[in-house]
Amino acid sequence: MQEQLVDLEQRRDKAAAMGGPHAIAKQHERGKLTARERLDLLLDEGTFSEIGLLGHHQSIDPEMVGRDTPADGVITGFGKVDGRMACVAAYDYTVMAGSMGAVGERKVKRARELSLRQRVPMIWLVDSAGARIQEVLAPWFATTGDLFFEQVMASGVIPQVVAMMGPGAAGTAYLPGLADFVPMVKGRSFMALGGPPLVKAAVGEDVDEETLGGSRVHTEISGVADLEVADDAACISAVKQYLSYFPSHNQEMPPRRETGDGERPVEGLEDLVPTEARRTYDMRRVLERVVDKDSFFEIKPRFARNLLVGLARMDGNSVGIVASQPGHIGGILDVDSADKAARFILTCDAFNIPLLFMVDTPGFMVGSKVEHQGIIRHGAKMLHAISEATVPKITVILRKAYGAGYYVMCGRAFEPDLIVAWPTAEIGVMGPDGAVNILYRKEIAGAPDPAEARQKRVEEFRGRISVYSVAENAFLDDVIAPSETRNVIIRGLALARGKKVDRPWKKHAVPPV
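Residues numbered from 1 in each chain as written. Predicted model: local features only at pLDDT ≥ 70, side-chain atom pairs only at ≥ 80, totals over all residues. Heavy atoms only, no water.

Undergrad: Got a sec to walk through helix H16 (residues 375–388)? Specific residues and values, please.
TA: Helix length check: H16 (14 residues) gives 20 Å between terminal C-alpha atoms against 20 Å at 1.5 Å per residue, within 8%. Residues of H16 that are buried include every one of Ile375, His378, Gly379, Met382, Ala385 and Ile386, and no others. End-on view of H16: buried residues confined to an arc of 115 degrees, all on one side of the axis. (Helix = DSSP H or I, 4+ residues; strand = E, 2+ residues; numbered from the N terminus. Expected span 1.5 Å × (residues − 1). Buried < 20%, exposed > 50% of the residue type's maximum accessible area, 1.4 Å probe, protein only. Arc of directions from axis to C-beta.)

This is the structure we're talking about:
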């Protein structure tokens, strides 16, 4: 037995050495941690149990004969993240550029199976050149694709996080496309269906990785990624922070964290929000005062900046926030912001995270450009998501809620468990200026003093959409002082904590995708 134990230890040491000292040094020269160093940061000390350590390629392709692939280029297993179990797969760029081989993917499949069976989060740390072409050219390719099918089956059951810590091409690019949360490391991560060489061969375009699919592209333009971070350590920290708001699976409630921040008045909010509807301000400053101190974790902060979404805590409890951002194009809604909101609402609803809507929007953008982009379809996604959501929903209208913007931000018809407004709020099909321009155009043009006539009509219309007109008809639960906002939200969430909603049976809805 002693001989066998020595042999086992030698095999383990060789597999754990990854691509060897030279390859590890090159990884560090690129400013990147190794896959094992990343797992050390992610998982609680002493909790990692590795599976498939002795995996090694079994390919008979001539180019693979004699190749050494420790752990077959991917480290898999399970361990604890801040005290809670999770399954992990970390692609090892020091071994054949972290390419996806048959044995390696068999290991990842095992990790996915365990995560779903045991109902714990699945975390991928991606640093991979994509599919290992030397192997997928063989008949094995015909059996692949299960990684995406299984990811879809787990969607909404367990949290799925794909951290892009290096390249992710082809197969490893669809992983983030199907995940719940995707942070990217600035200047080092990349994802695209085909890398620059393939793009050149296929369409003749000369393009570098950063321009094709770098972190700026996916956090600002495409919206595939959720957060751009400075380095590997910040990326791991973001993963841990994100998961801290989520239950381990969809049949649990989100964990409560003692923040020491309970009910309290929030003074000075009225100084942050101008009374005049057209004046801008930064909604983040409002949110940071309303939620538990230092708890707001923004998702997609650089994509569709006219709408804010993120996670926070109220009296220690997780809450998902959808908030207008008047500081960017007046908080008007467009194609990207509707997609951003719909995705976030569905994610929170899947994992029992209550939703808070902070509303100050003039509605949806109009014009030929957005119509050609399909704004009706994209706006309908948001309507669909908020209608389907059965978690507790709280709506606070700060200043204006016009047109379909009122609907998609959880207006009265969309079953908010509490809907309140500040005294500055206006609720109507459109703002006074636009309505008067349409309704009284001829009258104003023929008046002796058009400016005076227009102003008179504006003030008349403003009275018709004022918060008190709505409240007097009992279409609001209350008109509140800004300082009461936090306490009202906390109490509303407490009321709705045991909420039960029955919907008509259906196989599934037909969303406007």
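This is not the end of the story, as more comes after the structure.
Undergrad: Describe the nonpolar core, with residues and values.
TA: In summary, soluble globular proteins display a tendency toward joint burial of nonpolar side chains. Residues Leu42, Ile123 and Ile397 are the most contacted members of the largest nonpolar core, which totals 67 residues. In terms of residue count, the dominant contributor to this core is helix H14 (residues 335–350) (seven residues). Non-local contacts of isoleucine 397, meaning those with residues more than four positions away in its chain, are made with Val359, Tyr406, Ile419, Val420, Ala421, Trp422, Ala425, Ile427 and Leu476. Of all hydrophobic cores here, the second largest spans 30 residues; its members include Val266, Val319, Ala323 and Val420. (Core = buried A, V, L, I, M, F, W, Y, C linked by side-chain atoms within 4.5 Å. Contact = heavy atoms within 4.5 Å.)

Undergrad: Go over the side chain of arginine 486, please, and point to the residues and values.
TA: Mapped onto the fold, arginine 486 is located in helix H22 (residues 485–496). The class for arginine 486 is buried, based on a relative accessible area of 0%. Those residues in contact with arginine 486 that sit more than four places away from it in its chain are Asp261, Gly262, Arg264, Val266, Val290, Val291, Asp292, Met314 and Asp315.

Undergrad: Describe the packing of H14 against H16, with residues and values.
TA: Orientation of H14 relative to H16, taken along the N-to-C sense of each, is 20 degrees, at an axis distance of 8 Å. The orientation of H14 with respect to H16, classified from their angle, is roughly parallel. Relative to H16, the crossing made by H14 is left-handed. In this structure, H14 contributes Val335, Ala338, Asp339, Ala341, Ala342, Ile345, Leu346 and Asp349 to the contact, and H16 contributes Ile375, His378, Gly379, Lys381, Met382, Ala385, Ile386 and Glu388. (Axes fitted to C-alpha atoms, helices over the stretch in contact; angles between N-to-C directions. Parallel < 35°, antiparallel > 145°, perpendicular 65-115°, else oblique. Left-handed = near helix turned anticlockwise from the far one by under 90°.)

Undergrad: Describe helix H11 (residues 232–243), with residues and values.
TA: Between the first and last C-alpha of H11 there are 17 Å, a value that for 12 residues agrees with the 16 Å anticipated at 1.5 Å per step. What H11 keeps buried is the set Asp232, Cys235, Ile236, Ala238, Val239, Lys240, Tyr242 and Leu243. Near the N-terminus of H11, the side chain that reaches the backbone nitrogen of alanine 233, with its oxygen 3.3 Å away, is that of aspartate 231. (Polar contact = N/O pair within 3.5 Å; in protein donor to acceptor, adjacent residues only side chain to side chain.)

Undergrad: Give a detailed account of the environment of methionine 1, specifying residues and quantitative values.
TA: Locating methionine 1 in the fold gives a position in the segment before helix H1 (2–16). Separated by 363 residues in the primary sequence, methionine 1 and phenylalanine 364 place their C-alpha atoms 73 Å from one another.

Undergrad: Describe the state of the cysteines, with residues and values.
TA: This structure, assessed with the given rule, holds zero disulfides. In this structure cysteine 410 is a free cysteine whose sulfur lies 13 Å from that of cysteine 348, the closest cysteine sulfur available. (Disulfide = S-S within 2.5 Å.)

Undergrad: Explain the pairing of strand E12 (residues 355–361) to me, using residue names and the numbers behind them.
TA: Along E12, seven of the seven residues are buried, which leaves the element largely enclosed by surrounding structure. Here E12 shows a buried face lined by Leu355, Phe357, Val359 and Thr361 and a second buried face lined by Leu356, Met358 and Asp360. In this fold, strand E11 (residues 317–324) hands off to H14, which returns the chain to E12; that crossover is right-handed. Both E12 and strand E13 (residues 393–402) contribute to a ladder of six bridges, which runs parallel. Paired with leucine 356 across the strands is isoleucine 394, a residue of E13. (Right-handed = clockwise from strand over helix to strand, strands pointing away. Pairing = 2+ DSSP bridges.)

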